[in-house]
Amino acid sequence: MSKTVALALGGGGARGLAHIAALEAFDEMGVKPVALAGTSIGAVFAAVYASGMSGKSIHHYVTTMARSRARLVRRLIGARVRVLPNLFAGFRSATLIDAEKLCARILPDGMPQTFEELQIPLTVVACDLYGRNETVFNSGPLGPALAASIAIPGLVRPVRINGRILIDGGATNPLPFEHLRGRADIIAAVDISGVPPADRTELPNPWECVYASIVAMGHTITAEKLKRTRPDLLFQPDVGAFRVLQFHRAAAILRAAEPVKADIKHRLGDLVS
């Protein structure tokens, strides 16, 4: 009898496009995860995969969307928070993106509305801003949970669910593989918080500095967690050279992540065969 596998996908902005290579590897091996968990961009791809979309189809969907940078920008503009009457309250308030609108604009048509409608059980992680702890979703409405998990501070407006103010799950748990314990024989995780090249020395603009700092904190959280507990298999695509918001470089990120497919097939294949 084949061993079962559960898969966790981590946060890291545009680097999360590397998750697609991992999903393609699972499909090519004929291995279907019995459970998924995700944070931030990892939660988005886990949800799309759990809905029944193949890794190859997700690859095509993403590269088609990213092919036109202008079209991608229009989607983001359309997801802005409508606060024109409150412009004098601060520029940042006027430029925030509405997370639920963003999900509606980037997710494929026909996505399930609830966790219960997914083909694979899914756990989504967000962060309770004022409670200072993680918030876990695995039932009920899917859209708000995904919106909360991708609410990057400074860029995406926090999401209110059941009276709690929620932000990007990477603030507390960037790689939520522990939520899959007991769900499968093998726990695999994909960490895309890679370290930038050592020779990068350019001075970032303020926005880049904010987002790079968030990823740096997430990388540190994951590194500390891995000292205490680890998944059975940890895969780390070499995508550290890409910035957090470089979604328009989807094709390049996917090319850089391609080697992880062979790594997954080799290491996972040895365990499930």
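It should be emphasised that the depicted structure is a prediction, and the values quoted were computed from it without experimental measurement.

*Asks:* Mind showing me how you'd approach the side chain of Asp 128 here?
*Replies:* Structurally, Asp 128 is set in strand E3 (residues 122-128). Despite its burial, Asp 128 pairs with no opposite charge, the nearest such side chain being Arg 164 at 4.6 Å.

*Asks:* What exactly am I supposed to notice about unusual backbone geometry here?
*Replies:* Only a minority of non-glycine residues have a phi that is not negative, and only a minority of peptide bonds are not trans. One non-glycine residue, Arg 132, lies in positive phi territory at about 60 degrees. Looking at the element boundaries, Arg 132 is found in the loop between E3 and strand E4 (133-137). The class of Arg 132 is exposed, set by a relative accessible area of 73%. A positive phi angle is found at Asn 162, which is not glycine, with a value near 50 degrees. For Asn 162, the position within the fold is in the loop between strand E5 (159-161) and strand E6 (164-168).

*Asks:* Hey, could you run me through the packing of aromatic side chains in this one?
*Replies:* A ring pair, where both rings are aromatic, is described by two values, the distance of the centres and the angle of the planes. The final tally for this structure, using the stated rule, is zero aromatic pairs. The ring centre of Phe 177 lies 4.5 Å from the NZ or CZ of Lys 225, which sits over that ring.

*Asks:* Sorry if this is basic, but what is going on with the pattern of salt bridges here?
*Replies:* Opposite charge on two side chains makes pairing possible when the charged atoms of those side chains draw close. Applying the stated criterion across every chain yields a total of nine salt bridges. Here Lys 261 ties to Glu 24 by a salt bridge, and the two come within 3.9 Å at their closest N and O atoms. Within this pair, whereas Lys 261 is found in helix H10 (residues 259-272), its partner Glu 24 is found in helix H1 (residues 19-29), the two being separated by 237 residues in sequence. By relative accessible area, which is 8% here, Lys 261 ends up buried. One salt bridge connects Glu 224 with Lys 227, and the closest N-O pair in it is separated by 2.9 Å. Of the two residues, Glu 224 and Lys 227 are both situated in helix H8 (residues 206-228); the distance of three residues between them amounts to about one turn of the helix. Residue Glu 224 is classed as partly exposed on the basis of its relative accessible area of 36%. Under the relative-accessibility criterion, Lys 227 is labelled exposed at 64%. What emerges from the salt-bridge pattern is a single network uniting Glu 24, Glu 28, Glu 258, Lys 261 and Lys 265.

*Asks:* How should I be thinking about the confidence of the model for the protein in this particular structure?
*Replies:* A low pLDDT score tells you not to read the predicted coordinates there in detail. Per-residue confidence for the protein gives a mean pLDDT of 88; residues scoring 70 or more make up 89%. Counting interchain partners and residues more than four positions distant, the pLDDT-below-50 stretch residues 82-94 has six contacts.

*Asks:* So what exactly am I meant to see when it comes to the pairing of strand E2 (residues 35-39) here?
*Replies:* Successive side chains on a regular strand alternate, one facing one side of the sheet and the next facing the other. Across the five residues that make up E2, a large majority, five, are buried. Of the two faces of E2, the one lined by Ala 35, Ala 37 and Thr 39 and the one lined by Leu 36 and Gly 38 are each fully buried. Two elements, strand E1 (residues 5-9) and E2, share four bridges in a ladder whose sense is parallel. Residue pairing for E2: Ala 6 is matched across the bridge by Ala 35.

*Asks:* I tried to follow the environment of Leu 146 on my own but got confused; where do I start?
*Replies:* With respect to the element layout, Leu 146 can be found in helix H7 (residues 142-149). Counting along the chain gives 99 residues from Leu 146 to Ala 47, while the straight-line C-alpha distance between them is 8.3 Å. Once residues lying within four places of it in the same chain are set aside, the contact partners of Leu 146 are Ala 43, Val 44, Ala 47, Cys 103, Leu 107 and Val 124.

*Asks:* Got a minute to help me understand H10 in this structure?
*Replies:* Helical geometry: 3.6 residues make up each α-helical turn, so side chains three or four residues apart lie on a common side. The end-to-end C-alpha distance of H10, which contains 14 residues, comes to 20 Å, matching closely the 20 Å that a straight helix rising 1.5 Å per residue would cover. Inspection of H10 places Val 260, Lys 261, Ile 264, Leu 268, Gly 269 and Val 272 among the buried residues, and these make up the whole buried set. The buried side chains of H10 occupy one side of the element, clustering within an arc of 145 degrees when seen end-on. In H10, the exposed residues that point more than 90 degrees away from the buried face are Pro 259, Ala 262, His 266 and Asp 270.

Criteria and cut-off values
Residues numbered from 1 in each chain as written. Predicted model: local features only at pLDDT ≥ 70, side-chain atom pairs only at ≥ 80, totals over all residues. Heavy atoms only, no water. Helix = DSSP H or I, 4+ residues; strand = E, 2+ residues; numbered from the N terminus. Buried < 20%, exposed > 50% of the residue type's maximum accessible area, 1.4 Å probe, protein only. Lys, Arg positive; Asp, Glu negative; His and termini not counted. Salt bridge = Lys/Arg side-chain N within 4 Å of Asp/Glu carboxyl O. Phe/Tyr/Trp six-rings, centres within 6.5 Å; stacked < 30°, edge-to-face > 60°. Lys NZ or Arg CZ within 6 Å of the ring centre and 35° of its normal. pLDDT = per-residue confidence, 0-100. Contact = heavy atoms within 4.5 Å. Pairing = 2+ DSSP bridges. Expected span 1.5 Å × (residues − 1). Arc of directions from axis to C-beta.

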